[in-house]
Amino acid sequence: MKTKVSYLIAIGLLTIMYSCYPGGAEYVDELDTSISKYSPDYFDEPLTGKYYYLPDEILHIKDGEEVEDPDRTHDDAILAQVNQHLLDLGMQEAVAGIDTSIAIAISAIEQNNSGAAWIPGGGWWGGWYPWYPGWGWGGYYPWYPVYYSYKTGSVLIEMADYELKETEEPPLIYFGALDGLLQGSDAYIGDRLERGIDELFSQAPF
């Protein structure tokens, strides 16, 4: 199965995330979402003995642009956790002189979101507006604007098998994304990242 996935998929997860809590979530981590896509046929065979390449750094993207000097507070923990999951699957990290079968790519995406929404509720005008017929002292308006600004973060994990390469780009065999609001202390965000990555690796039939 050939799959080409854009990081825009992760941004789209925000809609899914909020639709799960129409009444509003009580805690930030209730909005965290983990979702994966994979080739079922590929995982009919165990990954034991396959060699993989995991990069030393994570690609950081902010508002659609690559970040030159990113905050790498959580990078080492993410890489170590992904590496341990791969080892637990019986795979081996590639070394010099060994043909690498599976390449891993990890990206961290930050997106700033802001705007305004009109919601019902209304209130009363406090003055006279002769150019607005029927609206003056005691006039009622049914909608009012609410301005919002929030920041979301996503981590994408992609796996491609070079042994299946048929074109210039090897086919993607696994894509995982975890998404949530970037709010809270570093420790709080780190704990949520750890839970999300564990969830991703539990979804595919490795």
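The preceding data block contains the structure.
Residues numbered from 1 in each chain as written. Predicted model: local features only at pLDDT ≥ 70, side-chain atom pairs only at ≥ 80, totals over all residues. Heavy atoms only, no water.

Visitor: Looking at this model, I keep getting lost on the pairing of strand 8 (residues 172-181). Mind explaining?
Guide: Look at any regular strand and the pattern is simple: side chains alternate between the two faces of the sheet. Buried residues dominate strand 8, accounting for ten of its ten residues. Where strand 1 (residues 33-38) and strand 8 come together, six bridges link them in antiparallel fashion. Note that in strand 8 the partner of K37 across the bridge is F175. (Buried < 20%, exposed > 50% of the residue type's maximum accessible area, 1.4 Å probe, protein only. Helix = DSSP H or I, 4+ residues; strand = E, 2+ residues; numbered from the N terminus. Pairing = 2+ DSSP bridges.)

Visitor: Would you mind showing me how to read the pattern of salt bridges here?
Guide: Under the defined criterion, the tally for this structure stands at five salt bridges. The salt bridge involving D161 is made with K50; its shortest N-O contact spans 3.8 Å. Of this pair, D161 sits in strand 7 (residues 140-161) while K50 sits in the loop between strand 1 and strand 2 (51-53), and the two are 111 residues apart along the sequence. When salt bridges with common partners are traced through the structure, they connect E57, R72 and D75 into a single cluster. (Salt bridge = Lys/Arg side-chain N within 4 Å of Asp/Glu carboxyl O.)

Visitor: Please explain the nonpolar core as it appears in this structure.
Guide: In a soluble, globular protein the nonpolar side chains are often hidden away together inside. Counting 27 residues, the largest nonpolar core has V82, I102, I104, I106 and I157 as its most contacted members. Elements with a contribution of two residues or more to this core: helix 2 (75-88), strand 6 (102-124), strand 7, strand 8 and helix 3 (186-203). With residues near it in sequence (within four places) discarded, V82 still touches L54, I106, I157, I197 and F201. The next biggest cluster of nonpolar side chains, apart from the first, holds seven residues, and it includes L156, A160, F175 and A177. (Core = buried A, V, L, I, M, F, W, Y, C linked by side-chain atoms within 4.5 Å. Contact = heavy atoms within 4.5 Å.)

Visitor: What is the right way to look at unusual backbone geometry in this model?
Guide: Most peptide bonds adopt trans geometry, and most residues besides glycine take a negative phi value. At D63, a position not held by glycine, the phi torsion is positive, near 50°. Relative to the assigned elements, D63 resides in the loop between strand 3 (59-62) and strand 4 (65-66). By relative accessible area, which is 38% here, D63 ends up partly exposed.

Visitor: Any chance you could explain helix 2 here in plain terms?
Guide: Spacing of three or four residues puts side chains on the same side of an α-helix, whose turn is 3.6 residues. Its 14 residues place the ends of helix 2 20 Å apart at the C-alpha level, agreeing with the 20 Å of an ideal helix rising 1.5 Å per residue. Two residues or fewer past helix 2, G90 is found with a positive phi of approximately 90°. (Expected span 1.5 Å × (residues − 1).)

Visitor: Before we go on, may I ask you to explain the packing of helix 2 against helix 3 in this structure?
Guide: The description of two helices packed together rests on the angle between their axes and the distance between the axes. It is the contact of helix 2 with helix 3, at a shortest axis distance of 11 Å, that shows an interaxial angle of 25°. Considering the angle they form, helix 2 stands roughly parallel to helix 3. In this structure, the crossing between helix 2 and helix 3 has a hand that is right-handed. In contact with I78, Q81, V82, H85 and L86 of helix 2, helix 3 contributes L193, E194, I197, D198 and F201. Of the residues belonging to the contact of helix 2 with helix 3, the class tally is six nonpolar, two polar and two charged. (Axes fitted to C-alpha atoms, helices over the stretch in contact; angles between N-to-C directions. Parallel < 35°, antiparallel > 145°, perpendicular 65-115°, else oblique. Left-handed = near helix turned anticlockwise from the far one by under 90°. Nonpolar A, V, L, I, M, F, W, Y, C, P; charged D, E, K, R; others polar.)

Visitor: What am I meant to see in the environment of S36 here?
Guide: Among the structural elements, S36 can be located in strand 1. Not counting the four nearest positions on each side in its chain, S36 is found in contact with Y174, F175, G176, L200 and Q203. For S36, the side chain forms a polar contact with the side chain of Q203, separated by 2.6 Å. (Polar contact = N/O pair within 3.5 Å; in protein donor to acceptor, adjacent residues only side chain to side chain.)

Visitor: Would you explain the packing of aromatic side chains in this entry?
Guide: For any pair of aromatic rings, the description rests on two quantities: the centre-to-centre distance and the angle between the ring planes. The full count for this structure, using the stated rule, is three aromatic pairs. Ring geometry for Y42 against F43: centres 5.2 Å apart, planes inclined by 80°, an arrangement best described as edge-to-face. For Y42, a relative accessible area of 13% corresponds to the buried category. Taking relative accessible area as the criterion, F43 reaches 7% and is therefore assigned buried. An aromatic cluster of three or more residues is present, and its members are Y38, Y42 and F43. (Phe/Tyr/Trp six-rings, centres within 6.5 Å; stacked < 30°, edge-to-face > 60°.)

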